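Structural overview for review
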Amino acid sequence: MAGSAQAGGQVAQPNINVLASQGVQGAGLGTVAGMQYQPQTLAQTNLAPYQDPYTQQVIEAQQADVLRGAQMGLQNLAGQAQQAKAFGGSRHGVAMSELGRGVAETLGQQSAQLRSQAFQRAQEMAQQDIANQMQGAQMRLGASAQLADIANLGFGMGQTVRENLMQQGAQQRALQQQLMDVAQQRYQGYTQAPVTSLGYVSSALGASPIPQSQTTTKQAGLFDYLTLMAMA
Amino acid sequence: MSGGKGGSQTQQTQIPDWAKEPTIRNIARAEEAQKIGYMPYYGADIAGFTPMEQMAMQSDLQSAQAFGLAPAGQYDAMAGMPQPQQFDIGGGQMVSGYSATPLYEQAVAEVARKQPTFAQRYGKLYEG
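Here goes a summary of the coordinates provided. Owing to the predicted nature of the structure, the values given are computational and were not obtained by experimental measurement.

The rules behind the values
Residues numbered from 1 in each chain as written. Chains lettered and ligands numbered in written order. Predicted model: local features only at pLDDT ≥ 70, side-chain atom pairs only at ≥ 80, totals over all residues. Helix = DSSP H or I, 4+ residues; strand = E, 2+ residues; numbered from the N terminus. Rg over C-alpha atoms; globule rule 2.2 N^0.38 Å. Buried ≥ 20, exposed ≤ 12 C-beta atoms within 10 Å, placed from the backbone. Contact = placed C-beta atoms within 7 Å. Core = buried A, V, L, I, M, F, W, Y, C linked by C-beta atoms within 7 Å. Axes fitted to C-alpha atoms, helices over the stretch in contact; angles between N-to-C directions. Parallel < 35°, antiparallel > 145°, perpendicular 65-115°, else oblique. Left-handed = near helix turned anticlockwise from the far one by under 90°. Nonpolar A, V, L, I, M, F, W, Y, C, P; charged D, E, K, R; others polar. Pairing = 2+ DSSP bridges. Expected span 1.5 Å × (residues − 1). Bend = angle between axes of the 7 residues up to and from the residue.

**Some points on the overall build of chain B**
Counting its secondary structure elements, chain B contains four helices and four strands. In terms of overall dimensions, chain B is more spread out than a globule: its C-alpha atoms have a radius of gyration of 31 Å, far above the 14 Å expected for 128 residues. The principal-axis extent of the C-alpha atoms belonging to chain B is close to 110 × 40 × 30 Å. Within the span of chain B, comprising 128 residues, buried residues form 10% of the whole. Taking the contacts inside chain B whose residues are at least 6 apart along the sequence as the reference set, 44% of them involve residues at least 24 apart.

**Things to note about the nonpolar core**
As a rule of thumb, soluble globular proteins bury nonpolar side chains together. Counting seven residues, the largest nonpolar core is built from Ile16, Ala20, Ala27, Leu147, Ala151 and Phe155 of chain A together with Ala66 of chain B. Listing elements by their share of this core, those giving two or more residues are helix 1 (16-35) and helix 3 (90-207) of chain A.

**A closer look at the packing of helix 3 of chain A against helix 1 (residues 17-34) of chain B**
Packed helix pairs are specified by the crossing angle of their axes together with the interaxial distance, meaning the distance between the axes. Between helix 3 of chain A and helix 1 of chain B, the least distance of the axes is 10 Å, while the angle of their chain directions is 165°. One element, helix 3 of chain A, and the other, helix 1 of chain B, form an angle in the roughly antiparallel class. Where helix 3 of chain A crosses over helix 1 of chain B, the two elements pack in a sense that is left-handed. Facing Pro194, Val195, Leu198, Val201 and Leu205 of chain A of helix 3 of chain A, the residues of helix 1 of chain B in contact are Ala19, Pro22, Thr23, Asn26, Arg29, Ala30 and Ala33 of chain B. Residue composition of the contact of helix 3 of chain A with helix 1 of chain B, grouped by class: nine nonpolar, two polar and one charged.

**With respect to the environment of Gln22 of chain A**
Residue and element names in this part refer to chain A. Locating Gln22 in the fold gives a position in helix 1. Overall, the presence of 16 C-beta atoms within 10 Å leaves Gln22 in the partly exposed class. With 157 residues separating them along the chain, Gln22 and Leu179 place their C-alpha atoms 44 Å apart.

**Comments concerning the pairing of strand 3 (residues 85-90) of chain B**
Residue and element names in this part refer to chain B. The pairing of strand 3 with strand 4 (residues 93-98) spans five bridges and is classified as antiparallel. In the sheet register, Phe87 faces strand 4, and the bridge partner there is Val95. Taken together, strand 3 and the strand that follows it, strand 4, pair antiparallel across an intervening segment of two residues, in which Gly91 is found at a positive phi of about 65°.

**Let's talk about the interface of chain A and chain B**
Contact with chain A, which involves 42 residues of that partner, is made by 44 residues of chain B. At the level of elements, helix 1, helix 3, strand 3 (213-219) and helix 4 (222-231) of chain A are the ones that each hand at least two residues to the side of chain A that touches chain B. Ranked by the residues each element gives to the side of chain A that touches chain B, the list is headed by helix 3 of chain A, at 22 residues. In this sheet, strand 1 (residues 8-14) of chain B lies alongside strand 3 of chain A in antiparallel orientation, the contact comprising seven bridges. Its bridge partner lying in strand 1 of chain B, Thr216 of chain A is registered against Gln11 of chain B.

**Points about unusual backbone geometry**
All names here are of chain A. Although it is not a glycine, Lys85 sits at a positive phi angle of roughly 50°. Looking at the element boundaries, Lys85 is found in the loop between helix 2 (55-83) and helix 3. Of the residues examined, Lys85 has 7 C-beta atoms within 10 Å and is grouped as exposed.

**Description of helix 3 of chain A**
Think of an α-helix as turning once every 3.6 residues; residues three or four places apart then point the same way. With 118 residues, helix 3 of chain A ought to run about 176 Å at 1.5 Å a step, and its terminal C-alpha atoms sit 165 Å apart, in line with that. Its axis deflected by about 60° at Ala193 of chain A, helix 3 of chain A carries its strongest bend there, up to four residues before the proline Pro194 of chain A. Within the sequence span of helix 3 of chain A, burial applies to Ala118, Ser144, Leu147, Ala151, Gly154, Phe155, Gly158, Arg162, Leu165, Met166 and Met180 of chain A. Looking at the packing, one finds that the buried side of helix 3 of chain A touches helix 1 and helix 2 of chain A together with strand 2 (46-47), helix 2 (51-66) and strand 4 of chain B.

**So, helix 3 (residues 101-114) of chain B**
The end-to-end C-alpha distance of helix 3 of chain B is 20 Å, a good match for the 20 Å that 14 residues give at a rise of 1.5 Å each. Of all 14 residues in helix 3 of chain B, zero are buried; the element is thus mostly exposed.

**Structural notes on the sheet that holds strand 4 of chain B**
On the basis of which strands lie adjacent, the open sheet formed by three strands has the order 2-4-3 (chain B) and antiparallel pairing. Where the open sheet ends on each side, the last strands, each with one partner, are strand 2 and strand 3 of chain B.

Written out as structure tokens, the structure is:
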């Protein structure tokens, strides 16, 4: 998706979080619409738009054909009646009446048959439309599911990128923190140096053999003097 | 050691001068070192958040806004955080971070205000 235009001609980069959110919302709405979908029934359908607009013309053309045939039949009857010198007679009248009844019957049957066929055809077309609508609803539901998957994928991608940013940033910060810690340690070494150096003398003395001379002084007593005199 | 009938005997250990002199000087040096008070570290203590971390945090905020978990608007993920100082690390390079020095100095001033007697005694240890 292209970024949205902003003031100054700048184009804002699409935000994956916003896209994911919109995807979730769109998928949710699509799913709800799918759940609420009520397939249309044939009984509720107005069949007028599906009727063949030429039905009446077809019937009229069929009737014209039948009537033309009937006219020819009447003319044949009249010719036959004249040859039999029975034109206008009762037999001629019965024959014409019989022909008229047959024509009327044919016209009624053909008209009813054509109208029935037209109605069935309209029902089939309406049924096809209902099936198309259901298929469309099914496709929209599938598209909603796909949108949900894409939104989920996009959100996951965004989170991964965000996690990488955080990790790399933390590594950089850790390096800087290490620099500060080292500086602080060295400063501690600096301030502790006088105290630390005091131990050097003790260490040197401890590591060196120090000859200790012992001076023994003796103060003579009476017994010492008596012993000395006895030996003299 | 008054002399009795048998007299008396005294023993004395002698430390050589070459060992005695450094010991005396070392003690004198310790007394000098003792006069130096606490010298705190005034440098950077804590590294600040890096731009990449700030971007990640901004992304979190945008995510929360996109899903209605935070109010919409121009919000800065670093809002409420103190502005880090820039510390010179040489070569014209800077590092961003925080120093605890101001807080430490506030604490020292506070103890001088609340415990003046102790603070004065403490100060006298290092006078002269």
